[in-house]
Amino acid sequence: MFVSFFPKPKLFFASALAWTAVAVLLWYGAGEALGAAVGLPPLPPDAEPVIGISVFWTAPYLWFYVYFAAFTLAFYLFWRLYAPHPWLNWSLLGSAFILFTIYFQVQIDVAVNAWYNPFYDLLQAALTKTRPVTLAEFFGEQWTFAGLALVGITTAVLVAFFVSHYVFRWRTAMNDYYMSHWPKLRLIEGASQRVQEDTMRFATTTEDLGTSFVQSVMTLIAFLPVLLALSVHVTELPLVGKIPYSLVLASLLWAAFGTVLLALVGIKLPGLEFKNQRVEAAYRKELVYGEDDPRRAQPPTVRGLFANVRRNYFRLYFHYAYFNVARYGYLQADVIFPTLLLGPTIVAGAITFGLWRQITNAFEQVRTSFQYLINSWTTVVELMSIYKRLRAFEAQIFDEPLPEIDQRWLAGRESPAE
């Protein structure tokens, strides 16, 4: 799954994490200030925030682009010399490009959040007649948002196009790798499906989960300081009163509660999804054999195989029923949670409309990032079941012990649908 696309996967991912940690620590230690040496200094602490699209070509942003490219190039050259790999350009440089675009999309969200304060304060002033607001001011703020939205849409479209190619390259690498070991792999139940379908699903799902996770981490890095700064405007929280860093602590505890809740109620789902793939594969395989051999796919055999499919799906429906009760109940409560937190502050009139919108958006970004596992749980379940199927391929290639269910299949002691 990984060795076909990445060079020495265990060492590669470990070194990537270590190199990323070095880059991040150096950036927050001295790297950010080093931009002044090349004429790209950070903004002064008392500088007014830059609102709108022009923020992306200010000196601090330009210096970060150079910094990211330098660290990526150094890492690429090391692996190009240490362990050349036919897919290194896509696996390393492609991954780095995806990471950078995730960062850029998060910064667009930060820029939009900064725009909320002046725009909604302007809206409040116009509605309450506290100061004159011209139509030019109003449309000027709309134009500022339109610029940010255009950059965001363009980036999203280009990234989606690139990611599609990235995923297919990964699938191609897995396909070529598995087909080079086909004489061994053909003995595994559902081998054709695992090569034709599971490789694509694994590449797509892994990329989706990976980018979502990285986006959650980057969103936390970008919005936690914003939420910490905005917490000073929150006078107190319901029930607990005044506490430091109130919004950050509340978002963390609420997300942790939801994560633990769904992990407990959904603990049976990965195994059921895995078994569901097996019974579907057994049913499909018998039908395929029946296309060429009139002795196969006889009604009694087909009825038995489909009965296994039916039994497993009904079991899945039952377990997903109570899982969805917990999941949707939590997500509906999640909608009103920020407003409940800000209730005492709103009633006290301690914040403006612009600050309220900025706080709720920043809180939502941080809370959603903490809720990564909640939002991705069903996808995680699917990936675990795909991984189990492809892991049997890995075991067969390297003559490792197969999973018990595959051992029984090869020994002929059990129908694959049982």
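On a predicted model such as this, the values are computed, not experimentally measured, just so you know. Every chain begins its residue count from 1, and numbering advances along the sequence as written. Selection of residues for local features in this predicted model requires a pLDDT of at least 70, selection of side-chain atom pairs for listing and counting requires 80 or more, and totals for whole chains, interfaces and linings are taken over all residues. Values reported for side chains reflect all heavy atoms of the structure, with hydrogen atoms and water molecules removed beforehand.

### Here we look at the overall build of the protein chain
Turning to step 1, where the next piece is worked out: In terms of regular secondary structure, the protein chain is built from 13 helices and zero strands.
Turning to step 2, where the next piece is worked out: A principal-axis box enclosing the C-alpha atoms of the protein chain has dimensions of 85 × 55 × 40 Å.
Turning to step 3, where the next piece is worked out: Buried residues are those whose accessible area, probed at 1.4 Å on protein chains only, stays under 20% of the maximum for their type, while exposed residues exceed 50% and partly exposed ones sit between those limits. Taken over 418 residues, the protein chain has a buried fraction of 42%.
Turning to step 4, where the next piece is worked out: We call two residues in contact whenever any of their non-hydrogen atoms come within 4.5 Å of each other. Long-range contacts, defined here as pairs at least 24 residues apart, represent 79% of the contacts in the protein chain between residues at least 6 apart.
Turning to step 5, where the next piece is worked out: As presented, the protein chain carries roughly 22200 Å² of accessible surface, and 69% of it is formed by carbon and sulfur atoms.
Turning to step 6, where the next piece is worked out: Just so you know, the count uses Lys and Arg for positive and Asp and Glu for negative, and it drops His and the chain ends. A charged residue contributes its charge at one atom only: NZ of Lys, CZ of Arg, CG of Asp or CD of Glu. Mean positive and mean negative side-chain charge positions of the protein chain (31 and 30 charges, respectively) differ by 8 Å. Comment: elements are numbered from the N terminus, with helices defined as DSSP H or I runs of at least four residues and strands as E runs of at least two. Using a 1.4 Å probe, accessible areas were evaluated by the Shrake-Rupley method; residue-level cover was limited to the displayed protein chains.

### Looking at the packing of helix H3 (residues 88–128) against helix H4 (residues 135–179)
How two helices pack is summed up by the angle between their axes together with the distance between the axes.
Turning to step 1, where the next piece is worked out: Only the stretch in contact is used when fitting a helix axis, every axis being a line fitted to C-alpha atoms; angles between N-to-C directions are given from 0 to 180 degrees. Where H3 meets H4, the closest approach of the two axes is 10 Å, and the angle between their N-to-C directions is 160 degrees. In terms of orientation, H3 lies roughly antiparallel with respect to H4. Where H3 crosses over H4, the handedness of that crossing is left-handed. For classification purposes, an angle smaller than 35 degrees is called roughly parallel, one larger than 145 roughly antiparallel, one from 65 to 115 roughly perpendicular, and anything else oblique. Take the far helix as your reference; a near helix turned counterclockwise from it by less than a right angle gives a left-handed crossing, and one turned clockwise gives a right-handed crossing.

### Remarks on a positive patch on the surface
Turning to step 1, where the next piece is worked out: Candidate patch residues must exceed 30% relative accessible area and have no salt bridge, after which like charges are joined if within 9 Å and Val, Leu, Ile, Met, Phe, Trp or Tyr side chains if within 5 Å. When a carboxyl oxygen of Asp or Glu lies within 4 Å of a side-chain nitrogen of Lys or Arg, that pair is called a salt bridge. Among the surface-exposed residues, Lys 275, Arg 310, Arg 311 and Arg 315 lie close enough to one another that they form a single positively charged patch.
Turning to step 2, where the next piece is worked out: Mapped onto the fold, Lys 275 is located in helix H8 (residues 269–292).

### Notes on the packing of aromatic side chains
Turning to step 1, where the next piece is worked out: Stacked, tilted and edge-to-face pairs are distinguished by plane angle, under 30 degrees for stacked and over 60 for edge-to-face with tilted covering the rest, among Phe, Tyr and Trp rings (Trp via its six-membered ring) whose centres lie within 6.5 Å. If you walk through the whole model with that rule in mind, you get 47 aromatic pairs.
Turning to step 2, where the next piece is worked out: A centroid spacing of 5.4 Å and a plane angle of 55 degrees characterise the contact between Tyr 283 and Phe 306, whose relative ring orientation is tilted. With Tyr 283 in helix H8 and Phe 306 in helix H9 (residues 299–341), the pair connects residues that are 23 residues apart, well separated along the chain.
Turning to step 3, where the next piece is worked out: A ring pair is formed by Phe 314 and Tyr 317, whose centres lie 6.1 Å apart and whose planes are at 35 degrees; its orientation type is tilted. Placement of both Phe 314 and Tyr 317 in helix H9 is noted, with a separation of three residues, approximately one turn of the helix.
Turning to step 4, where the next piece is worked out: The partly exposed category is assigned to Phe 314, whose relative accessible area is 46%.

### A few points about the nonpolar core
Turning to step 1, where the next piece is worked out: By nonpolar core is meant a set of buried Ala, Val, Leu, Ile, Met, Phe, Trp, Tyr and Cys residues that side-chain atoms within 4.5 Å join together. Counting residues in hydrophobic clusters, the biggest one holds 32 residues, and the most contacted among them are Trp 79, Leu 92, Tyr 166, Trp 170, Met 174, Tyr 178 and Phe 202.
Turning to step 2, where the next piece is worked out: Those elements that provide at least two residues to this core are helix H2 (59–82), H3, H4, helix H6 (191–230) and helix H12 (372–397).
Turning to step 3, where the next piece is worked out: Considering every element that reaches this core, the biggest residue donor is H4, with nine residues.
Turning to step 4, where the next piece is worked out: By size, the runner-up hydrophobic cluster in this structure holds 23 residues, among which are Phe 337, Leu 341, Leu 342 and Leu 355.

### Quick notes on helix H7 (residues 246–265)
Turning to step 1, where the next piece is worked out: Expected helix span is computed as 1.5 Å times (number of residues minus one). In this model H7 runs 29 Å from its N-terminal to its C-terminal C-alpha over 20 residues, within 8% of the 28 Å that 1.5 Å per residue would give.
Turning to step 2, where the next piece is worked out: Those residues of H7 that fall on the buried side of the exposure criterion are Ser 246, Leu 247, Val 248, Ala 250, Ser 251, Trp 254, Ala 255, Gly 258, Thr 259 and Leu 262.

### Comments concerning the UniProt feature "transmembrane region" (unreviewed entry) in the protein chain
Turning to step 1, where the next piece is worked out: UniProt positions are given in the numbering used here, feature names are shortened, and annotations may be inferred rather than shown by experiment. With numbering matched to this structure, UniProt assigns "transmembrane region" (unreviewed entry) to residues 59–79, 86–106, 143–168, 209–231, 243–267, 313–330 and 336–356.
Turning to step 2, where the next piece is worked out: When the span residues 243–267 is considered, its composition is 80% helix and 0% strand, and the gap between its end C-alpha atoms is 35 Å.
Turning to step 3, where the next piece is worked out: Regarding residues 336–356, the helix share stands at 71% and the strand share at 0%, and the terminal C-alpha atoms are separated by 14 Å.

### As for H9
Turning to step 1, where the next piece is worked out: Its 43 residues place the ends of H9 61 Å apart at the C-alpha level, agreeing with the 63 Å of an ideal helix rising 1.5 Å per residue.
Turning to step 2, where the next piece is worked out: Two axes define the bend at a residue: one fitted to the seven residues ending there, one fitted to the seven starting there, and the bend is the angle between them. Of all the bends found along H9, the most pronounced is centred on Val 335 and spans about 35 degrees, while Pro 338, a proline, follows it within four residues.

### Concerning the pattern of salt bridges
When charged atoms on two side chains of opposite charge get close, those side chains can pair.
Turning to step 1, where the next piece is worked out: A complete count under the given rule lists one salt bridge for this structure.
Turning to step 2, where the next piece is worked out: As a salt-bridge pair, Glu 137 and Arg 131 come within 3.6 Å of each other at their nearest N and O atoms.
Turning to step 3, where the next piece is worked out: Classification of Arg 131 as partly exposed rests on a relative accessible area of 37%.

### Notes on the side chain of His 319
Turning to step 1, where the next piece is worked out: Mapped onto the elements of the fold, His 319 is located in helix H9.
Turning to step 2, where the next piece is worked out: For His 319, the residues in contact, after removing those within four places along its chain, are Lys 268, Leu 269 and Leu 272.

### Side note on the packing of H7 against H9
Turning to step 1, where the next piece is worked out: In the contact formed by H7 and H9, the axes pass within 10 Å of each other and the chain directions differ by 175 degrees. By the angle class used here, H7 and H9 are roughly antiparallel. Here Ala 250, Trp 254, Ala 255, Phe 257, Gly 258, Leu 261, Leu 262 and Val 265 of H7 lie close against H9, whose contacting residues are Tyr 322, Phe 323, Ala 326, Arg 327, Tyr 330, Ala 333, Asp 334, Phe 337 and Leu 341.
Turning to step 2, where the next piece is worked out: Just so you know the grouping, Ala, Val, Leu, Ile, Met, Phe, Trp, Tyr, Cys and Pro go in nonpolar, Asp, Glu, Lys and Arg go in charged, and all remaining residues, Gly too, go in polar. Among the residues forming the contact of H7 with H9, the class breakdown is 14 nonpolar, one polar and two charged.

### Quick notes on the side chain of Glu 141
Turning to step 1, where the next piece is worked out: Turning to its location among the elements, Glu 141 is positioned in helix H4.
Turning to step 2, where the next piece is worked out: At 7.4 Å, Arg 131 is the nearest oppositely charged side chain to Glu 141, a buried residue that forms no salt bridge.

### Comments concerning unusual backbone geometry
Turning to step 1, where the next piece is worked out: Residue Lys 8 is not a glycine yet carries a positive backbone phi of 40 degrees.
Turning to step 2, where the next piece is worked out: Examined against the element boundaries, Lys 8 turns out to sit in the segment before helix H1 (9–34).
Turning to step 3, where the next piece is worked out: Taking the relative accessible area as the measure of exposure, Lys 8 reaches 45% and is therefore partly exposed.
Turning to step 4, where the next piece is worked out: Positive phi outside glycine occurs at Lys 129, with the angle close to 60 degrees.
Turning to step 5, where the next piece is worked out: Its place among the elements puts Lys 129 in the loop between H3 and H4.

### A word on the confidence of the model for the protein chain
Turning to step 1, where the next piece is worked out: The pLDDT averaged across the protein chain works out to 80; a share of 91% of its residues lies at or above 70.
Turning to step 2, where the next piece is worked out: A low-confidence stretch, residues 413–418 (pLDDT under 50), is modelled with 13 contacts involving residues beyond four sequence positions or located in other chains. Confidence of the prediction at every residue is given by pLDDT, a number between 0 and 100.

### Topic: a nonpolar patch on the surface
Turning to step 1, where the next piece is worked out: Among the surface-exposed residues, Leu 228, Leu 239, Val 240, Ile 243, Tyr 245 and Leu 249 lie close enough to one another that they form a single nonpolar patch of about 650 Å² accessible area.
Turning to step 2, where the next piece is worked out: Residue Leu 228 is classed as partly exposed on the basis of its relative accessible area of 36%.

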